[in-house]
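What follows is the residue order along each chain.
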Amino acid sequence: MSDLKAALGQAVSAVFVALGLDESLGKVGVSDRPDLADFQCNGALAAAKLARRNPREIATEVAAKLAGDPLLASVDVAGAGFVNLRISDQALTDRVRALALDPHLGAEAVATPRRVIVDYGGPNVAKPMHVGHLRASIIGESIKRIYRFCGDTVWGDAHFGDWGFQMGLLIVAAGDENPDWLAVAEGDGTLDPALLADLDLAALDRLYPIAAAKAKEDTEFRDRARKATALLQGGKPGYLALWRHFAEVSRAALKREFDALGIHFDLWMGESDADPLIPAMVEDLKAKGLLVEDQGAQIIRVVREGDKRELPPLLVISSEGSAMYGTTDLATIVGRRRDQDPDLVLYCVDQRQGDHFVQVFRAAVLAGYATDEGLEHIGFGTMNGTDGKPFKTRAGGVLKLHDLIQMATDKARERLREAGLGAELTPEAFEQTAHKVAIAALKFADLQNFRGTSYVFDLDRFTSFEGKTGPYLLYQAVRVKSLLRRAADEGLVAGDIVIGEPAERELALTLDAFQQAVSEAYEKKAPHFVAEHAYRLAQAYSKFYAACPVLSAKDSVLKASRLTLSQTTLKQLEQALELLGIETPERM
Ligand code: ARG
């Protein structure tokens with residue numbers, strides 16, 4: 001199913017071609033003056049420049065040839081040579097009728113589906129998730145859903161950070177603190193669960209920050225942690241036993257947090273899963289002459305001709321013999337090629353890791369593990385505090401995801417009560433609604449911006465039921481749901497769509513624009529196009545609702561048509577929100 005803008009673009013392009021002009025000039029966009037037209041084409045201006053002719057003259061020729069096209073109610077020339085196009089009610093009605101029956105609500109699947117891995121979330125063992133991980137999770141989840149919706153085969157992978165230096169740090173810190181834990185570390189790998197009973201999430205949360213801070217000041221401690229990392233990776237049985245325990249405790253806690261956020265990974269692979277692939281990869285890199293010795297370490301040089309600044313080499317094996325962050329990333333590319341054979345891997349990670357990905361991707365291309373087009377870093381800005389720096393708690397620490405969700409839910413409850421919403425819900429249903437409002441607030445606040453932009457954390461604004469917020473959208477969706485329930489109670493049956501009123505036209509044109517929003521989000525890996533569409537749709541419905549009574553429409557044909565428009569709007573709105581990872585409650 002093609003959207004009206006695309007269909008018009010084709011018709012206008014054909015006219016340009018018929019006039020001996022270039023096809024690309026026939027591009028059609030949404031009108032700058034909705035009072036005058038639905039769409040416009042500015043191609044006559046460019047054509048005039050090329051042909052050294054008068055733009056109005058060309059526009060007039062184009063308009064004359066378009067007159068009578070069944071898609072159009074009117075075509076006019078305006079200003080310097082703009083062609084203004086108004087869609088006919090018939091074409092609009094046909095399009096919305098088809099869209100209402102389409103399981104994809106008017107959005108088209110891609111012509112050639114691909115196999116895509118979205119690498120996102122990126123949580124680490126023991127390190128608390130911070131706002132960077134929040135953004136990675138929210139954006140990555142949405143991109144995964146958009147890609148799947150467009151017909152690709154998609155895997156979301158958490159790429160769990162479970163194999164780097166922080167593991168050595170934790171092993172040394174645990175051994176220093178508790179003789180039982182030291183016994184496990186120095187043991188033969190058989191596990192006595194009693195010895196590790198106290199090594200729970202709270203213990204990890206306490207140990208890691210202390211160890212990380214100590215490693216910054218104490219070189220002896222840092223060296224021991226580095227050695228421990230190398231010994232762990234070398235397979236020391238006691239270290240492996242302890243490491244496995246750390247990873248399990250962390251993973252269980254992280255899964256709970258991700259669940260609460262509505263983030264679901266298809267694969268929960270870790271950096272450690274790439275470890276078995278490293279020896280053969282290192283041999284291969286050596287054989288290809290890519291690995292060079294540098295002060296006791298093994299590196300790959302990744303500079304390319306024409307680079308504006310010198311990119312440091314990729315560190316593959318440290319002087320202690322450890323695999324590094326880039327090593328596991330490179331080996332993961334090898335593993336994914338073996339297991340999923342993706343056409344494209346999207347790394348949804350903070351843009352401050354940009355250099356890291358350039359290094360890894362270039363090394364992968366040099367080694368023949370991937371092509372430049374097959375790997376893409378989807379960077380994003382930070383969520384900041386009012387000081388303009390990445391958001392911290394009042395005490396100055398990293399904000400844990402768990403606490404953030406808690407804070408947002410508290411606020412959502414307050415907001416619901418303030419607005420007099422949810423009063424007739426049972427306490428459980430009220431809690432569920434508050435949770436949905438909180439998640440919608442956090443996710444929409446994030447996804448409404450282009451991902452590259454940083455934004456300021458402002459829970460008051462995010463949770464408001466007014467303005468461009470997640471809660472506003474949920475409120476609009478719930479309002480339609482309640483209208484549909486009332487219609488069902490009155491025995492009203494949805495029927496054929498007729499479009500007449502300006503507010504109906506505007507709603508229909510907005511429904512039509514879903515395809516464009518989805519395809520732009522897909523192309524640019526940018527969910528904000530879908531977020532923007534959801535907001536526009538909610539607004540268009542709101543206007544329609546005010547101007548076009550549904551239940552009290554003047555005759556049954558109109559009632560049935562407006563009911564179908566309402567149902568279709570709700571479906572598309574919920575679909576758009578679903579692509580953003582946002583669930584709507586039934587009532588509030
Ligand atoms: N664990 C990393 C971090 O916390 C993010 C991982 C991103 N994905 C990747 N393939 N490197 O910074």
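Position numbers for residues start from 1 in each chain and track the written sequence from start to end. Confidence filtering applies because this is a predicted model: local features only for residues at pLDDT of at least 70, side-chain atom pairs given and counted only at 80 or more, and all residues used for totals across whole chains, interfaces and linings. Side-chain numbers here rest on the full set of heavy atoms in the structure, without hydrogens or water.

> Tell me about the nonpolar core, and please be specific about residues and values.
Formed by 163 residues in total, the largest nonpolar core has its most connected members in Leu66, Leu85, Leu170 and Phe246. Contacts are residue-level and defined by heavy atoms, with any inter-residue pair within 4.5 Å sufficient. The contact partners of Leu170, leaving out residues within four places of it in the chain, are Val125, Ala126, Leu204, Leu207, Tyr208 and Phe246. Note on terminology: a nonpolar core comprises buried Ala, Val, Leu, Ile, Met, Phe, Trp, Tyr and Cys residues joined through side-chain atoms within 4.5 Å. Three exposure classes are used, based on accessible area relative to the maximum for each residue type with a 1.4 Å probe and protein chains only: buried under 20%, partly exposed in between, and exposed over 50%. Leu277, Leu285, Val349 and Val360 belong to the second largest nonpolar core, which has 32 residues in total.

> Can you break down the packing of aromatic side chains residue by residue, with the values?
Each aromatic pair joins two rings of Phe, Tyr and Trp (for Trp, the six-membered one) with centres within 6.5 Å, and gets the label stacked for planes under 30 degrees apart, edge-to-face for over 60, and tilted for any other angle. Under the counting rule described, the total for this entry stands at 18 aromatic pairs. Ring geometry for Tyr455 against Phe462: centres 6.2 Å apart, planes inclined by 55°, an arrangement best described as tilted. We classify Phe462 as buried; its relative accessible area is 4%. With 6.4 Å between their ring centres and 70° between their planes, Phe465 and Tyr475 make a pair best called edge-to-face. Here Tyr475 lies in helix 18 (residues 470-489) and Phe465 lies in the loop between helix 17 (459-462) and helix 18, a separation of ten residues in the sequence. Given the relative accessible area of 12%, Phe465 is considered buried. You can call Tyr475 partly exposed: its relative accessible area is 30%. Put simply, the rings of Tyr120, Phe160, Phe258, Phe265 and Trp268 touch in pairs and so form one group of aromatic residues. Criterion for a charge above a ring: Lys NZ or Arg CZ within 6 Å of the ring centre, and within 35 degrees of the ring normal. When the ring centre of Tyr239 is taken as reference, the NZ or CZ atom of Lys236 above it lies at 4.8 Å. Looking at Lys255, its charged tip hangs above the ring of Trp268, at a distance of 5.1 Å from the centre. The secondary structure listing takes helices from DSSP runs of H or I that are at least 4 residues long and strands from runs of E that are at least 2 residues long, numbered from the N terminus.

> An account of the side chain of Asp446 is requested, with residue identities and associated values reported.
Along the chain, Asp446 falls in helix 16 (residues 427-447). Polar contacts, as used here, are pairs of N or O atoms within 3.5 Å; protein pairs need one atom able to donate a hydrogen and one able to accept it. Residues neighboring in sequence count only if both atoms are side-chain atoms. Separated by 2.8 Å, the side chains of Asp446 and Arg135 make a polar contact. Not counting chain neighbours up to four residues away, the residues in contact with Asp446 comprise Arg135, Ile138, Ile139 and Tyr455.

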